[in-house]
Amino acid sequence: MRPESVIGTGLQKALQMVAPGTALRVGLENVVKAKTGALIVVGDTPEIMNLVNGGFRLDCEYSPANLYELAKMDGAIIMNADATRILVANAQLVPDISITSIETGIRHRTAERVAKQTGELVIAISQRRGMITLYKGSFIYVLRDIGTILAKANQALQTLEKYRNVLEKDLIRLGGTEFEDMATVNDICRVLRRCIMVLKVGQEIENYIIELGIEGRLVKMQLDELLTSVEEEAISIVKDYSRGQDRGASEILGALLRSFEEDVSDYLAIAKALGFGSAASVLEQHVSPRGYRILQKLPRIPSQVIDNLVATFGSFSNIIRASIEELDDVEGIGEVRARSIRNGLKRMQEQLILEYMV
């Protein structure tokens, strides 16, 4: 069985081009149904054209019917970069034979070598098995039927919903400890790890949506609902607790997401990324948030005012202990806004206590 790569940036555009509902996908499925097989190159760079030997120069408009008819011939079909025109049909491709290939069939071996040599998208359709395989650089991806992808997407959505529910409880618990100024590095790492798990499952579902094309609209709606504010919560937590960092909060979160498969399950790895070091003892260390995450939940408080509050008081515990007069002294805050902040924080604390007890 051919290996299927994890969908990377190089393949996402290719999958969008062949997603269900696109003209190219209709043509590919027509070829599959006809059991003729095909070798299709999407790209007309000089490097590609130098590999083309013989064939018929057509330069005609693409249509699913044209692709179906031309695939009856044994040679390769060359299309322009956006797959709107068919340039050459029944061509022989002559890639560098020193390029390694894991494929055994001539058509698929040629497709893999051309993709590796040029970096362009090459599509091979197996005549006997009716499988559509994409080659893009060193990536190989076998297209699956819509039913299989939908089943995997729905399973991933169920997993995501469970993760999101647990995350909500962790966020409530963290909020309570923040008001009591009792949060530890362990608490922060637990919530950040949960945020990252939710975001990573979301990325996996995004890949399914790309494959599904027009069939993925409902999945996309459900995903957007489940991912609402998760990234913003994670960034705010990083802003609240990161220590001695030259990088911004978004950059730190991005690094954690990239390292997820390796070490983000380890709380110490998250603690180290936040600037707390890697000693096991740091997890029990008590830390105070700066206040970005909770202050952003207050209505009608501009981000600049939040920045001014954090700069003035230094920590969330100092902000909640501040009097109305002290809040009023902060740039951008008048007496009315100061009372609104004070009352809003009090209501939020009471709400967190009620939600935590439920």
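Described below are features of the structure shown in this document. No experiment lies behind these values; they were computed from the predicted model shown. (Residues numbered from 1 in each chain as written. Predicted model: local features only at pLDDT ≥ 70, side-chain atom pairs only at ≥ 80, totals over all residues. Heavy atoms only, no water.)

Some remarks on the overall build of the protein chain
Threshold: We count a stretch as a helix when DSSP gives it H or I for four or more residues in a row; a strand needs E for two or more, and each element gets its number in order from the N terminus. Any residue under 20% of the maximum accessible area for its type is buried, any over 50% is exposed, and the rest in between are partly exposed; the area is computed with a 1.4 Å probe on protein chains only. Residues count as neighbours in contact if any of their non-hydrogen atoms are within 4.5 Å of one another. All accessibility values rest on the Shrake-Rupley procedure with a 1.4 Å probe; residue burial counts only the protein chains present in the view. His residues and chain termini do not enter the charge count, which takes Lys and Arg as positive and Asp and Glu as negative. Charge positions come from single atoms, namely NZ of Lys, CZ of Arg, CG of Asp or CD of Glu.
When helices and strands are counted, the protein chain shows 17 helices and 8 strands. Viewed in the frame of its principal axes, the protein chain has a C-alpha envelope of about 85 × 40 × 40 Å. Residue burial in the protein chain is summarised as follows: out of 358 residues, 47% are buried. Put simply, 65% of the contacts in the protein chain that link residues at least 6 apart link residues at least 24 apart. With the model as given, the accessible surface of the protein chain reaches about 17,900 Å², and the carbon-plus-sulfur share is 50%. Charge separation in the protein chain, taken as the distance between the mean sites of 42 positive and 47 negative side-chain charges, equals 5 Å.

Regarding the packing of aromatic side chains
Aromatic rings considered in pairs are described by the distance between their centres and by the relative angle of their planes. How we decide: Centres within 6.5 Å are what make two rings of Phe, Tyr or Trp a pair, Trp counting through its six-membered ring; a difference in plane orientation under 30 degrees is then read as stacked, over 60 as edge-to-face, and the rest as tilted. For a ring to carry a charge above it, either NZ of a lysine or CZ of an arginine must fall within 6 Å of the ring centroid while also lying within 35 degrees of the normal to the ring plane.
Inspection of every chain in the model, using the stated rule, returns 1 aromatic pair. Their ring planes at 75° and their centres at 5.2 Å tell us that F179 and F316 sit as a pair that is edge-to-face. Note that F179 is positioned in helix α6 (residues 146-179) and F316 in helix α15 (residues 316-321), a separation of 137 residues in sequence. You'll find F179 and F316 in the same group, each marked buried. Lying across the ring of Y163, R194 places its NZ or CZ 5.9 Å from the centre. Cation over ring: K239 sits above Y292, and NZ or CZ is 4.2 Å from the ring centre.

A look at helix α9 (residues 230-241)
Which entries qualify depends on this criterion: Multiplying 1.5 Å by the helix residue count minus one yields the expected span of that helix.
End to end, α9 covers 17 Å across 12 residues, agreeing with the expected 16 Å (1.5 Å per residue, within 8%). Summarising burial for α9: 9 of the 12 residues are buried, a large majority. The set of residues buried in α9 consists of V230, E233, A234, I235, S236, I237, V238, D240 and Y241. Contact partners of the buried residues in α9: α6, α7 (185-212), α8 (217-226), α10 (249-258) and α13 (292-295).

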